[in-house]
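Here is how the chains run, residue by residue.
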Amino acid sequence: MDSSVHLRPATPADLDAISDLLEFVFHETQTESRRAAEQAMTETDRSLIAEHDDRVVGHATALTRDLTVPGAIIPAAHVTGVGVAPTHRRRGILTELMRKQLEGLAAAGREPIAVLWASESAIYPRFGYGPASARLSLEIANREVRLTAPPATPPNGRLRLIKPATVADELAAVYERVRAGRVGFSSRGEKWWKHLLADHNDEHGEQTGRRGVLYEDDRGPAGYALWRAEGKWTEWGPDGVIGVREMVADGPEAYDAIWRFLLGIDLTRTVKHWHAAVDEPVQYLVDDPRRLGRRHLDGLWIRIVDLPAALEARQYTTAVETVVEVSDPLIPANQGRWRLSGGPDKVTCTRTDEAPDFACTITELGAAYLGGTSLAALAAAGRVRQLTGNLPSVAFGWHRQPNAIEVF
């Protein structure tokens, strides 16, 4: 790194300078209320800044949250706010920030993995992050599709329009039930729900404020959707757009009812949903899936920080007995040969001198960690070297594709 730049831990006094930097980096202009809200979520004791001439020119932080992984919920450093001033690019600042952050995570020993959304996907593999989940972005021509199955809503199921910020407890109850088994979902405390449901003016654009619908049955709240609407007209009539921010359903009845509602809102012709799962069930409910306007995009990127702890924390779909040889230049403790041994419910990961069955970098193990990127596909791409016939691709998979519905 440029010797005129130095790194140090952030303090609360740095928050305004960090906000100024990130506005430049991410091409935003925030209102005072949104800036204050973002600062309130920043954990300065987990933040690093790069300084040059007493000015903040680089930043990286992590949020303390849990992540649902196959068969478990584990602590995961939610890395965010990573950026370098455009005046200080190509000086090694980002590399040093990421290296220092990973060293700190490994030394603390609390979180076996780190997770992030990549603003540019070419950046993070060199720091050991692998593309662990994908998503579908849908742009649905809602007057050109219909749900072919009969309505699944039982007579006692009902929909209720809501003001999202006033029903946070009901939304959280649904989310928590679903989160327990949905790989890719992150934990949300009361403070995080308040942050997510805040409706800042600079987020609207030409759209309405945030709106919502809650599905209830005999259990109480069982599903919800949050969206904004954009009223548009052409010479042929209404051409409105619904932009779905989040849709969570606990069971097929709630799922069916909410999708019927979203696709049937009057005066609209398009429904956009940016965080649908690769295996999103609506693809199998409509009569013309091409009208869903599907685009395949990357989602979460996983970095394994503590290899044995991470591999022992998740479950596997089959018994596994394999030896992997891993290279990790940034966290040397992960390097070497590891035996993964056990059944679907519990495995052990221990050092070994045995010959490996396959070899890869820490990046590929991160990519495979959530069950969304198969080891077999990585081997076909030459990213994993298969040395014997014992490649545990099926064991590393999962019954549903991971689905991250929130950019943090």
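Read on for a plain summary of the structure. Along every chain, residues carry numbers that run from 1 in the direction the sequence is written. At least 70 in pLDDT is required for a residue's local features to be given in this predicted model, at least 80 for side-chain atom pairs to be given and counted, and no such filter applies to totals for whole chains, interfaces and linings, which use all residues. Neither water nor hydrogens contribute to the side-chain values; these are computed over all heavy atoms in the structure.

### Quick notes on the sheet that holds strand E19 (residues 347–351)
Pairing between the strands of a sheet is mediated by backbone hydrogen bonds and can be parallel or antiparallel.
Consideration 1: Any two strands with at least two DSSP-identified bridges between them are counted as paired. Helix and strand assignments come from DSSP, with helices taken as H or I runs of at least 4 residues and strands as E runs of at least 2, each series counted from the N terminus. Read across the sheet, 5 strands follow the order E19-E18-E17-E20-E21 without closing on themselves; strand pairing throughout is mixed. Unpaired on one side and paired on the other, E19 and strand E21 (385–386) mark the two borders of the sheet.
Consideration 2: Looking at chain direction, strand E20 (residues 358–361) and E21 are connected through 2 bridges and run antiparallel. Paired with Ala359 across the two strands is Arg385, which belongs to E21.

### Comments concerning the pattern of salt bridges
Consideration 1: Should a side-chain nitrogen of Lys or Arg be within 4 Å of a carboxyl oxygen of Asp or Glu, the pair is scored as a salt bridge. One pass over the structure, following the stated rule, counts 32 salt bridges.
Consideration 2: The partner of Arg8 in a salt bridge is Asp14, and the shortest N-O contact between them spans 2.8 Å.
Consideration 3: The buried label applies to any residue whose accessible area, calculated with a 1.4 Å probe on protein chains only, is under 20% of its type's maximum; exposed applies above 50%, and partly exposed to all values in between. A residue is classified by how much of its surface remains accessible, and Arg8, at 22% relative accessible area, is partly exposed.
Consideration 4: A cluster of three or more residues bridged by salt bridges with shared partners is formed by Arg65, Arg188, Arg245, Glu246 and Glu406.

### Concerning the pairing of E19
Consideration 1: Across 5 bridges, strand E18 (residues 336–342) lies against E19 in antiparallel orientation. When the bridges of E19 are listed, Trp338 appears paired with Arg351.
Consideration 2: If you look at the hairpin formed by E18 and E19, you'll find 4 residues sitting between the two strands.

### As for the sheet that holds strand E8 (residues 158–162)
Consideration 1: The 7 strands lie next to each other as E8-E9-E10-E13-E14-E7-E15, forming an open sheet whose pairing is mixed. Of all strands in the sheet, those bounded by a partner on one side alone are E8 and strand E15 (295–298). When the angles between neighbouring strand axes are averaged without regard to direction, this sheet yields 25°.
Consideration 2: Here, two residues are considered to be in contact whenever any of their heavy atoms come within 4.5 Å of each other. Axis lines are fitted through C-alpha atoms, for helices just across the contact stretch, and the angle between N-to-C directions can take any value from 0 to 180 degrees. Relative to strand E10 (residues 220–230), helix H4 (residues 168–179) is tilted by about 110°, and along the sheet it contacts E8, strand E9 (211–217), E10 and strand E13 (240–249).
Consideration 3: Helix H6 (residues 252–263) contacts strand E7 (134–141), E8, E9, E10, E13 and strand E14 (268–276) of the sheet and is inclined by roughly 20° relative to E10.

### A look at unusual backbone geometry
Peptide bonds are, in most cases, trans, and in most cases residues other than glycine have a negative phi.
Consideration 1: With a phi close to 55°, His27 is a non-glycine residue in the positive phi region.
Consideration 2: Looking at the element boundaries, His27 is found in the loop between helix H1 (15–25) and helix H2 (32–41).
Consideration 3: Take His27: its relative accessible area is 72%, and that puts it in the exposed class.
Consideration 4: Positive phi, close to 50°, is recorded for Asp53, a residue that is not glycine.

### Quick notes on H1
Consideration 1: Along H1, the positions that sit buried rather than exposed are Leu15, Ile18, Ser19, Leu21, Leu22, Glu23 and Val25.
Consideration 2: Looking at the buried residues of H1, the elements they touch are H2, strand E2 (48–52), strand E3 (55–69) and strand E4 (72–84).
Consideration 3: With its phi angle positive at about 55°, His27 sits one or two positions after the end of H1.

### Some words on the side chain of Thr363
Consideration 1: With respect to the secondary-structure elements, Thr363 resides in helix H8 (residues 362–368).
Consideration 2: Using a relative accessible area of 10% as the deciding quantity, one classes Thr363 as buried.
Consideration 3: When neighbours within four sequence positions are excluded, Thr363 is seen to be in contact with Pro125, Gly128, Tyr129 and Gly130.

### Side note on the packing of aromatic side chains
Consideration 1: Here a pair means two rings of Phe, Tyr or Trp (six-membered ring of Trp) with centres within 6.5 Å. Their orientation is stacked below 30 degrees between planes, edge-to-face above 60, and tilted elsewhere. On inspection of all chains with the given rule, the structure shows 8 aromatic pairs.
Consideration 2: Considering the side-chain rings of Tyr124 and Tyr129, the 6.0 Å spacing of their centres and the 85° angle between planes classify their relative orientation as edge-to-face. Tyr129 matches Tyr124 in its accessibility class, with the two residues each being buried.
Consideration 3: Aromatic rings pair up to connect Tyr175, Phe185, Trp193 and Tyr224 into one cluster.
Consideration 4: In this structure, Arg314 packs its charged tip against the face of Tyr316, placed 4.4 Å from the ring centre. Ring-over charges, as used throughout, are those where CZ of Arg or NZ of Lys falls within 6 Å of the ring centre and within 35 degrees of the ring normal.

### Comments concerning the pairing of E18
Consideration 1: Of the strand pairs in this sheet, strand E17 (residues 320–327) and E18 are connected by 7 bridges, and their pairing is antiparallel. Paired with Glu321 across the strands is Ser341, a residue of E18.

### A few points about the packing of H2 against helix H5 (residues 190–197)
Angle between the axes and distance between the axes: these two values describe a pair of packed helices.
Consideration 1: Put simply, H2 and H5 touch, their axes get as near as 11 Å, and they point 155° apart. Judged by the inter-axis angle, H2 sits roughly antiparallel to H5. Here the hand of the crossing between H2 and H5 comes out left-handed. Counting all contacts with H2, which are made through Ala37, Glu38, Ala40 and Met41, the residues of H5 involved are Lys191, Trp192 and His195.
Consideration 2: Three classes are used, and their members are as follows: Ala, Val, Leu, Ile, Met, Phe, Trp, Tyr, Cys and Pro are nonpolar, Asp, Glu, Lys and Arg are charged, and the others, Gly among them, are polar. Of the residues that constitute the contact of H2 with H5, the class distribution is 4 nonpolar, 1 polar and 2 charged. Any angle that falls under 35 degrees is termed roughly parallel, while one over 145 is termed roughly antiparallel, one within 65 to 115 roughly perpendicular, and all others oblique. By definition, turning the near helix anticlockwise from the far helix through less than a right angle yields a left-handed crossing, and turning it clockwise yields a right-handed one.

### Focus: the nonpolar core
Consideration 1: Residues belong to a common nonpolar core when they are buried Ala, Val, Leu, Ile, Met, Phe, Trp, Tyr or Cys residues joined through side-chain atoms within 4.5 Å. Ranked by internal contacts, the top residues of the largest apolar core, which has 44 residues, are Ile113, Ile304, Leu307, Leu311, Tyr369 and Leu370.
Consideration 2: Tallying contributions element by element places H8 first for this core, with 4 residues.
Consideration 3: Leaving out residues up to four positions away in the same chain, Leu307 has contacts with Val326, Asn334, Trp338, Cys349, Ile362 and Leu365.
Consideration 4: Membership of the second largest hydrophobic core comes to 34 residues, among which are Val5, Leu97, Met98 and Ile331.

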